Amino acid sequence: MEYHHASEMNGGVSEYLVIESKHNCTCKQEKESKEAADSKKLALIENAYSTILTGLGEDVDREGLLRTPLRAAKAMQFLTKGYKETTQDILNDAIFDENHEEMVIVKDIELFSLCEHHLVPFFGKAHIAYLPNKKVVGLSKLARIVEIYSRRLQVQERLTKQIASAIAEALEPAGVAVVIEAVHMCMVMRGVQKMNASTVTSVMLGRFHDDTKARKEFLTLTLKK
Ligand SMILES: [Zn+2]
């Protein structure tokens, strides 16, 4: 059994930089047209935020709000940057052949996402396990998979499924288990849910689905506080 805590890893920061540098396209024209398209999209979102502020009865020309539409637009683009990334990009050179069949668990991977119904954050932790079938992946890559799918407009159930499917597809393991515990601000702020009450979703594939013992082992190890 390999057992890891997300804090052991360097997070996704260094890998993010690697991926960015890959995108330094050698073709200048392609890069320029991409930049033009990006700034057009940014302007579109910026204008929309201006409209929202006006709709709220705010004065968009008052000092505190002068740069708010642009800042909010950039923040929204950052929070949804997962649309620009694919798991193939990050997993390509990160999968190794290894004769390791024991359960690999990474728990407490932090996640921040936006609920697609209210465009309000939900955040919490993901716990992932897989039973390798010859192929293994660098542990920090599991955190990156979580990031790619959570930095999109989401519902928690789909997010859980997408993470599990991505791992199943890339590693073809004997089983994958993903549990997400998250607090939804759209519920907390409207008083539907208490501050610390979290929503738990899980997806169990392969042996974790079929074998009660494997599932129990994973759940016992991840959900204990
Ligand atoms: Zn919501």
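Along each chain, residue indices are assigned from 1 in the same order as the chain's sequence is written. The predicted nature of this model means local features are confined to residues of pLDDT at least 70 and side-chain atom pairs, given and counted, to a pLDDT of 80 or more, with totals for whole chains, interfaces and linings taken over all residues. Processing note: side-chain calculations cover all non-hydrogen atoms of the structure and skip hydrogens and water entirely.

Asker: What should I look at first to understand empty space enclosed by the protein in this one?
Answerer: Picture a little ball the size of a water molecule; that probe, rolled over the atoms, points out where space is still empty. Both site types are read off a 1 Å grid over the protein atoms alone. A 1.4 Å probe that fits but cannot get out defines a cavity, while an open set with protein on both sides within 12 Å along at least five of seven lines defines a pocket; lining residues have an atom within 4 Å of a point. Grid points are joined across faces, edges and corners, and a volume is the space filled by probe spheres set on the points. Counted by the stated rule, this structure contains one cavity of 30 Å³ or more. Size it by volume and the largest cavity reaches roughly 30 Å³. What lines the largest cavity is simply Leu91, Ile95, Val137, Leu142, Ile145, Ile167, Ala170 and Leu171. Every element with two or more residues in the lining of the largest cavity is listed here: α5 (139–150) and α6 (156–171). Numbering of helices and strands starts at the N terminus; helices are DSSP runs of H or I of at least 4 residues and strands are runs of E of at least 2. Per-element tally for the lining of the largest cavity: the top contributor is α6, with three residues. Considered class by class, the residues forming the lining of the largest cavity number eight nonpolar, no polar and no charged. Asp, Glu, Lys and Arg are counted as charged, while Ala, Val, Leu, Ile, Met, Phe, Trp, Tyr, Cys and Pro are counted as nonpolar; the rest, among them Gly, fall into the polar class.

Asker: For this particular structure, what's the right way to read the nonpolar core?
Answerer: In globular proteins that are soluble, nonpolar side chains generally tend to be buried together. Among buried residues, those of type Ala, Val, Leu, Ile, Met, Phe, Trp, Tyr and Cys that are joined through side-chain atoms within 4.5 Å constitute a nonpolar core. Working definition: with a 1.4 Å probe on protein chains only, accessible area under 20% of the residue-type maximum means buried, over 50% means exposed, and in between means partly exposed. Formed by 34 residues in total, the largest nonpolar core has its most connected members in Ile128, Tyr130, Leu142, Ile145, Ile163, Ile167 and Ile180. When residues of this core are traced back to their parent elements, those giving at least two are α4 (87–91), β3 (104–115), β4 (120–131), β5 (135–137), α5, α6 and β7 (175–184). Any two residues having at least one pair of non-hydrogen atoms within 4.5 Å are treated as being in contact. With residues up to four places along the chain from it excluded, the contact list for Ile145 reads Thr87, Ile90, Leu91, Ile163, Ala166 and Ile167. Formed by 11 residues, the second largest nonpolar core is a distinct cluster that contains Ile105, Leu131, Phe208 and Leu221.

Asker: For this particular structure, what's the right way to read the pairing of β3?
Answerer: Sheet faces and side chains relate simply in a regular strand, where the side chains alternate between the two faces. Judged by how many residues are buried, β3 sits mostly within the fold: 10 of 12 residues are covered. Here, strands pair whenever DSSP counts at least two bridges between them. As defined by bridge partners, β3 adjoins β4 across 10 bridges and the pair is classed as antiparallel. Across the sheet, the residue bridging to Leu111 is Gly124, located in β4. Taking the residues that link successive antiparallel strands as the turn, the β3-β4 hairpin has four residues, and the phi of Leu119 there is positive, at about 55°. Alignment of β3 against strand β6 (residues 153–154), held across two bridges, turns out to be parallel. Paired with Cys115 across the strands is Gln154, a residue of β6.

Asker: Looking at this structure, I do not really get the coordination of the zinc ion. What am I missing?
Answerer: Six octahedral donors around a metal ideally subtend angles of 90 or 180 degrees, whereas four tetrahedral donors ideally subtend 109.5 degrees. Water is not part of the atom set, so a site may look incomplete; the donors themselves are N, O and S atoms within 2.8 Å of the metal, or 3.2 Å for Na, K and Ca. Around the zinc ion, the protein contributes the donor atoms Cys115 (SG), His118 (ND1) and Cys186 (SG), at 2.1 to 2.2 Å from the metal centre. Mapping the donors of the zinc ion onto the primary sequence yields the spacing C-x2-H-x67-C. With His118 in the loop between β3 and β4 and Cys186 in helix α7 (residues 185–188), the pair connects residues that are 68 residues apart, well separated along the chain. Using a relative accessible area of 37% as the deciding quantity, one classes His118 as partly exposed. For Cys186, a relative accessible area of 7% puts it in the buried group.

Asker: Is there a simple way to think about the packing of α5 against α6 in this case?
Answerer: Helix-helix packing is described using two parameters, namely the angle between the two axes and the distance between the axes. Between N-to-C directions, angles cover 0 to 180 degrees, with each direction set by a line fitted to C-alpha atoms, over the stretch in contact for helices. Axis separation between α5 and α6 bottoms out at 10 Å; the angle between their running directions is 135°. The pairing of α5 with α6 is recorded here as oblique in orientation. Relative to α6, the crossing made by α5 is right-handed. Taken together, the residues of α6 that come into contact with α5 (itself represented by Leu142, Ile145, Val146, Tyr149 and Ser150) are Leu159, Gln162, Ile163, Ala166 and Ile167. When its residues are assigned to classes, the contact of α5 with α6 shows eight nonpolar, two polar and no charged. Angle categories are assigned with fixed cut-offs, so that under 35 degrees is roughly parallel, over 145 is roughly antiparallel, 65 to 115 is roughly perpendicular, and the rest are oblique. What makes a crossing left-handed is the near helix being turned counterclockwise from the far one by less than a right angle; a clockwise turn instead makes it right-handed.

Asker: Explain the pattern of salt bridges here, please?
Answerer: Two side chains with opposite charge may pair up if their charged atoms get near one another. Put simply, a salt bridge is a Lys or Arg side-chain nitrogen that is within 4 Å of an Asp or Glu carboxyl oxygen. Per the counting criterion, the structure on display carries 11 salt bridges. A salt bridge links Lys28 to Glu32, with the nearest nitrogen and oxygen atoms 3.9 Å apart. Here Glu32 and Lys28 lie together in helix α2 (residues 28–55), a separation of four residues that amounts to about one turn. A network of salt bridges, in which partner residues are shared, links Lys81, Glu85, Arg144, Glu147 and Arg151.

Asker: Where do I start with unusual backbone geometry in this structure?
Answerer: Leaving glycine aside, a negative phi is the common case for residues, and trans is the common case for peptide bonds. With phi around 55°, Leu119 is a residue other than glycine that occupies positive phi space. Within the secondary structure, Leu119 is located in the loop between β3 and β4. Under the relative-accessibility criterion, Leu119 is labelled partly exposed at 45%. Residue Glu172 is not a glycine yet carries a positive backbone phi of 40°.

Fair warning: the whole summary comes from geometry, so function is off the table for now.
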